[in-house]
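So the chains spell out like this:
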Amino acid sequence: MQRITTTAASRLPLGVLVLLSAAVLHGRLPASWHLPWILVVAVVGPLGVWSGVQRNSPARSAGWHHLAAGFTIYCLGEVVVALDLLLVGPGHWGKPAGTAVGMLGWPLMIRGARRVVASGRTYLDREAMIDASIITVGVAYVGWYTVIVPQIERNGFLTFSALASTAFWTLAVLVFGLLVAKALAPDVTSASLWLFAVAAIAGGSSAAIYRGVEFDHAWQSAPITRITMGIAFAAIVGAAWHPSMRAVTSRERDVRIWPPVVAVGVGVSVLSTGLFLAALGVLPAPEVDVPGMAASALVVVLLVARIGLTLQAREAAKSEITRKEARYRSLVEHAFDGTLLADRDGVVRWGSSNTGMVTGRGIDLMQDRSLFEELDQRDLGRFVEEFQRCVADGDARIRGTARLAPPGGAVRWVEYSLVNQLDNDAVAAVVVNYRDVTDQQHVRDALVHQATHDQLTGLPNRQQLIERLEVVTTQQPPGHAAVLFMDLDHFKVINDSLGHHAGDTLLVAVAERLRRTVGDRGTVARLGGDEFVILCEEISGSTEAVSLAGEICDALDATVTLGAHEVSAHASIGVALHTTAEDTPVSLLREADTAMYRAKEQGRNGFVVYDGSWAASTAIRLSLESALRRALEDDLLELHYQPIVDLVDGRTLGFEALLRWSGDALGGPTHQTLTRRPTPLEVITLAEESGLIYPLGEWVVHRACADLAHLLQQAHDHNLFVSINVSGLQLRRHGFGAVVHEALTTSGVPADRLMIELTESVLVEQSSAAQETMNQLRRQGVRLAMDDFGTGYSALTNLKRFPFTTVKIDRGFVEDLDGPDADSGVVRAVLGMAAALDLQVVAEGVSTEAQRQVLEQVGCTRAQGYLFGRAVPLDDALAMLETTIVRTA
């Protein structure tokens, strides 16, 4: 029962305290105060009940309103009796009239109590009503023989007041029975109901005591009746005011009285009327104990009804259980998932009818057979272990997936759960729920394969390779694994000339050859582009790794047909050995990659084993890259200018801009890693490999144009030009033409005063993007020069495919012009070709007078080299230009 706390008690109206105080102090009041006290109590009580209902405002208020109205009418009757006795005196009509009025309130109070305690479940409400009626009949029977019969024996008749008091007592017991039945319900803990029960029993006790003393005309001298009635009234008010009254409100519906109870009530009324008339002499007195027989009959009827209700509830419960069992069985039988019950040894004792949908065999073929017979051997051991663990642990709930291998059927994947219900008497088995997830498993396998394999070749990708390398470096001892890093030679040429489809075809062919060549000696993976890695996990040393690299080179040497073309897929291979416990996947790949680049430097189509001494050079390269990046950010680079002269009159026609990197930009002579200043070729190579060539190239273009504008303004020679060297990577990148246009516009230099020098590699790569950039530059008016012409491996006739304006003869051919065995054949050929193509010719590397004279003799009019001047800063170049003007004037 919910405890009435101090806070809740503080909410009770002052009237409750008044009623309780009056009940306790009543015995000490003089007799003249008794009737006024009744008037006070009868007025304060209803007001307290109505105010409590109004204060708490229950959601379903009809029952409370009936209770309040009935209580008010009853109290009104008490007021009538008290006023009559106080003003007129005993023996007047007031007492019978007031008692009759009070009796009119009891049907409303009974109906209100009935609505309040109704649970909404019919059979429970009927049971509560019958139980309360049995108690009421018993109390009425006892009251008849202890109160009514003695009065009949003394007075010979029953007064209306005596019958009314007895009825009041009996009805109070009925209300008490209803409220207690509700208060004792297992799902109810309400202080309000208990207060009502206290009110009912206190009121009934008061009526019983009052009835007893009334026969002796001693009721005015019995304060205990006032005390019990005051307690009853205070409890009623407290029940209405307590907040818990909101929680016990019944459903908003009419609570119908059960017909048998109505019949019993009618019978009691008829019997009571007959007895009353017999007592008055209107009817002859019965010769048998009618009240005793009637009470016994009523109890029997009520007990039979109670048993009937109990049986009805039991049948309803059994029907509900049967219905739920049928529903659950239907759900299990027709569910997508299957269910099996197995004993602790794994023998199937029961299974749902849909078992065959998954296993391929119906439950009739599986029952009383081992559950493990259906499992694939690859998963059998694990499943048996999990099943035994489930049997040993009463709280185990195990989930997993396994493969089924039914006889004559395809392997199926199932997702299962094992639940130990061996200690549950209703089941007494291990419950195996499972469902077919074969399609989901195939999708999952496909997704895993896509995540770990290259989509074009089907080879493992970088992710899977790293995972395998992680296992090798952490779980295998050093000395038994090697990594071969392979990169195809000139693959970009094939992609640019024949298209990406041809490149993809070549990659697929290379992957297949690698599979056949490597076999089970290692794992072949594709990192991306034309890069492949072979991981050998069981080798005896470098000899075996080198032998495999040679086999790969031989296997790739055979031609591959790409449409109308046949090409050879040569490759450069770097080999790195797992030699120390400190090796990691990243370090092995880095070492193999470094060795692969060494193989490319040594002529390609070969292999190189990584040497640990290269670590120092790698550190130098990283420091150089860092220094170059810092120099670009801090503007620490500069351009030096070497003159290009006219051999006829000695005039300076222009300058070639050459990149220079000062010692300060490198960090000074105390630089931790760099022991010497890198050559321009090393700087350019590093920039191309690191991607710095793009910002470096833009800086060169803008600086050269700005310096040329200064030269044109100071030298007053508008025919001067400046040439700059541009990497093929810059030409192949879209937007380089826009960079040149912006530099020319910003500096105000005419486009034909700028010359861009390119190497013969542009001709070999045949990049469409590079050719489009060259055409864009020529449309702007920029001149293009072929640098180091004659050192490459392209035909001279390819020059007419590109919009060059100038050819620069490589210094190697100029050096051949010295001495008695001077050979000018190549120079003459270049001059003849250039004349035919309307190209200007510049000889590079002229360092002796003899070389200059031969060039003049063969008709070469332009040259540059140490003979005419080294590359110098801009201010020195301007001074050199002014000296040349004075000398030629």
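Residues numbered from 1 in each chain as written. Predicted model: local features only at pLDDT ≥ 70, side-chain atom pairs only at ≥ 80, totals over all residues. Heavy atoms only, no water.

Phi is positive for aspartate 635, which is not a glycine, with a value near 55°. Its place among the elements puts aspartate 635 in the loop between α21 (614-634) and β13 (637-646). A relative accessible area of 43% means that aspartate 635 is categorised as partly exposed. The backbone of aspartate 838 sits at a positive phi, close to 60°, despite the residue not being glycine. (Helix = DSSP H or I, 4+ residues; strand = E, 2+ residues; numbered from the N terminus. Buried < 20%, exposed > 50% of the residue type's maximum accessible area, 1.4 Å probe, protein only.)

Across the 7 residues of strand β17 (residues 783-789), 6 count as buried, placing the element largely inside the fold. In terms of strand pairing, strand β16 (residues 754-758) meets β17 through 4 bridges, oriented parallel. Pairing of methionine 755 across the sheet is with arginine 783, part of β17. Here 3 bridges tie β17 to strand β18 (residues 806-809), and the two strands are oriented parallel to one another. Paired with phenylalanine 789 across the two strands is isoleucine 809, which belongs to β18. (Pairing = 2+ DSSP bridges.)

Along the polypeptide, methionine 774 turns up in helix α27 (residues 768-780). The buried category is assigned to methionine 774, whose relative accessible area is 0%. Here the alpha-carbon distance between methionine 774 and phenylalanine 802, two residues 28 residues apart in the chain, equals 7.7 Å.

Moving on, we get to empty space enclosed by the protein. Summed over all chains, the structure comprises 3 cavities of 30 Å³ or more. In this structure, the second largest cavity encloses a volume near 150 Å³. Around the second largest cavity, the lining is made up of 13 residues, and of these Leu371, Leu404, Val414, Val432 and Tyr434 lie nearest the centre. Mapped by element, the contributors of at least two residues to the lining of the second largest cavity are β3 (397-404), β4 (412-421) and β5 (429-436). Residue composition of the lining of the second largest cavity, grouped by class: 11 nonpolar, 1 polar and 1 charged. (1 Å grid on protein atoms, 1.4 Å probe; cavity = no way out; pocket = protein on both sides within 12 Å on 5 of 7 lines; lining within 4 Å. Points joined across faces, edges and corners; volume = space filled by probe spheres on them. Nonpolar A, V, L, I, M, F, W, Y, C, P; charged D, E, K, R; others polar.)

Across the sheet, 5 strands lie side by side as β7-β8-β6-β11-β12; this open sheet has mixed pairing. Because the sheet does not close on itself, it has two edges, and the strands there are β7 (523-528) and β12 (606-609). Strand-to-strand, the axes of this sheet are offset by a mean angle of 20°, without reference to chain direction. Across 6 bridges, strand β6 (residues 482-488) lies against strand β8 (residues 531-536) in antiparallel orientation. Across the sheet, residue aspartate 487 finds its bridge partner in β8, namely glutamate 531. Packed onto the sheet, helix α20 (residues 585-601) meets β6, β8, β11 (571-577) and β12 and runs at close to 140° relative to β11. (Axes fitted to C-alpha atoms, helices over the stretch in contact; angles between N-to-C directions. Contact = heavy atoms within 4.5 Å.)

Moving on: helix α30 (residues 849-858). Every buried residue belonging to α30 is among Gln851, Arg852, Val854, Leu855 and Val858, and all of these are buried. Burial along α30 is one-sided: seen end-on, the buried residues are contained in an arc of 165°. Structurally, α30 contributes buried residues whose contacts are with α28 (811-815), α29 (825-836), β19 (840-843) and β20 (862-863). One or two positions beyond α30, positive phi appears at glycine 859, with a value near 100°. (Arc of directions from axis to C-beta.)

Treat this as a map of the structure, not an account of what it does.
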